[in-house]
Amino acid sequence: MTIREAWAAGAQALRQGEVATESPELDARVLLCWVLKTDLTGLLRRYSEPFPDQESVTWARVLAERAGGVPVAWLVGHQEFMGIEFLVARGVLVPRADTETLVEAALELLSPLSQEKLRVADVCTGTGCVGLSLAASARWRQSWELWLTDLSPEALAVARANTVSLASGLQVKVVDSDLLAEVPGELDLIVSNPPYLTTEETRHRKASGWQEPELALDGGEDGLELVRRLLEESFGALVEGGWVLLEAADAQMEKIGALARLVGFSETRLWRDLSGRQRVLGACRGGFLSGL
Ligand code: GLN
């Protein structure tokens, strides 16, 4: 069997797996690159070579795991986000392209800023991808104090590992914290991709073979339990003119905007993802013209 034939058979196995895979060809290619320790160009170049016998057990194992619903990023151990490779491990939410909207929105708010010292928190950080990629792209990051918080031990370990490899020289604190509980106040910016699926939606995903942890997905009965608490805590923690930016689903945005105003935020803004769905809501504490 050639490497190309192994890829085709792998893609076919994923197409017929118990859990529907959205992109069987691509998944098989990424997994095959990992098994053969090569990149896409290397793989294409080796397509006509025989598939190495000594790798067949590993190849069969990762295909079976993927067909059973294990995310590709968990199997290969990394995922690209904002052009940066983040370590990912089992039990930790895999960074999504949609979440790049959150980083873009934060960068947009930060761009006119002349202030150097900023205190920024990424709440429910998971791999740390939002806070760390934001810090990687922002001006003045050397004088930032960045807090990454999560409750999951798996997420905290991965966020720490990503901090070590991607944020050397920056002031980053990875803390085990229920939302902002362990973060001292006076923050300039809070970003978060909290769990916002409803319990029903989470149950559905689980039933269809989804493996990512409920802790990262389930936002309670209406999906907004964490969002509600985070808006309240953020209002107390932000400086005048500071912003909280939250990822959520399009259909939830109207309600979240109303909640933010109820909590006392004076201005809200929305950002859309690449598919045109409302994906990020920003709420500013302070007057209309105050900005950051
Ligand atoms: N956007 C994610 C998804 O649909 C949900 C993650 C979350 O709840 N923050 O998979």
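Only a predicted model underlies this, so the values are computations on that prediction, with no experimental measurement involved.

(A) Expanded view of the packing of helix α6 (residues 100–110) against helix α7 (residues 129–137). Contact pair α6 / α7: the axes reach a minimum separation of 10 Å and the direction vectors enclose 40 degrees. If you check the angle between α6 and α7, you find them oblique. Handedness of the crossing formed by α6 with α7: right-handed. Within the contact between the two elements, α6 uses Leu-102, Val-103, Ala-106, Leu-107 and Leu-110 and α7 uses Val-130, Ser-133, Leu-134 and Ser-137.

(B) Just helix α12 (residues 253–263), in detail. Among the residues of α12, Met-253, Ile-256, Gly-257, Leu-259 and Ala-260 are the ones counted as buried. End-on, the buried residues of α12 take up no more than an arc of 160 degrees, which puts them together on one face. Among the exposed residues of α12, those pointing more than 90 degrees away from its buried face are Glu-254 and Leu-262. Buried residues along α12 sit in contact with α11 (225–237), β7 (238–247), β8 (267–272) and β9 (278–284). Phi turns positive one or two residues past the end of α12, at Gly-264, with a value near 125 degrees.

(C) Quick look at the side chain of Arg-66. Counting through the fold element by element, Arg-66 comes out in helix α4 (residues 56–67). One polar contact links Arg-66 to Asp-27, side chain to side chain, over a distance of 2.9 Å. Beyond its immediate sequence surroundings of up to four residues, Arg-66 is in contact with Leu-14, Thr-21, Asp-27, Leu-31, Pro-71, Val-72 and Leu-75.

(D) Molecular detail of the sheet that holds β7. Here we have 7 strands laid out as an open sheet, ordered β5-β4-β3-β6-β7-β9-β8, and mixed in their pairing. Edge positions in the sheet fall to β5 (171–176) and β8, since each has one partner strand and no second. Neighbour-to-neighbour, the strand axes of this sheet turn through a mean angle of 15 degrees, independent of strand direction. On top of the sheet, α11 reaches β3 (119–123), β6 (187–192) and β7; it is set at about 160 degrees to β7, its chief contact.

(E) Structural view of the pattern of salt bridges. Within the structure shown, the criterion is met by 20 salt bridges. Between Glu-108 and Arg-269 there is a salt bridge, with the nearest N and O atoms lying 2.7 Å from each other. With a gap of 161 residues between them, Glu-108 in helix α6 and Arg-269 in strand β8 connect regions that are remote in the sequence. When its relative accessible area of 41% is taken as the criterion, Glu-108 is described as partly exposed. Ionic pairing is found between Arg-119 and Glu-145, a salt bridge with its closest N-O pair at 2.9 Å. In this pair, Arg-119 sits in strand β3 while Glu-145 sits in strand β4 (residues 145–150), placing the two residues 26 residues apart along the sequence. Three or more residues are tied together by salt bridges with common partners; here these are Asp-98, Glu-247, Asp-273, Arg-277 and Arg-279.

Cut-offs and rules
- Residues numbered from 1 in each chain as written.
- Predicted model: local features only at pLDDT ≥ 70, side-chain atom pairs only at ≥ 80, totals over all residues.
- Heavy atoms only, no water.
- Axes fitted to C-alpha atoms, helices over the stretch in contact; angles between N-to-C directions.
- Helix = DSSP H or I, 4+ residues; strand = E, 2+ residues; numbered from the N terminus.
- Parallel < 35°, antiparallel > 145°, perpendicular 65-115°, else oblique.
- Left-handed = near helix turned anticlockwise from the far one by under 90°.
- Contact = heavy atoms within 4.5 Å.
- Buried < 20%, exposed > 50% of the residue type's maximum accessible area, 1.4 Å probe, protein only.
- Arc of directions from axis to C-beta.
- Polar contact = N/O pair within 3.5 Å; in protein donor to acceptor, adjacent residues only side chain to side chain.
- Pairing = 2+ DSSP bridges.
- Salt bridge = Lys/Arg side-chain N within 4 Å of Asp/Glu carboxyl O.

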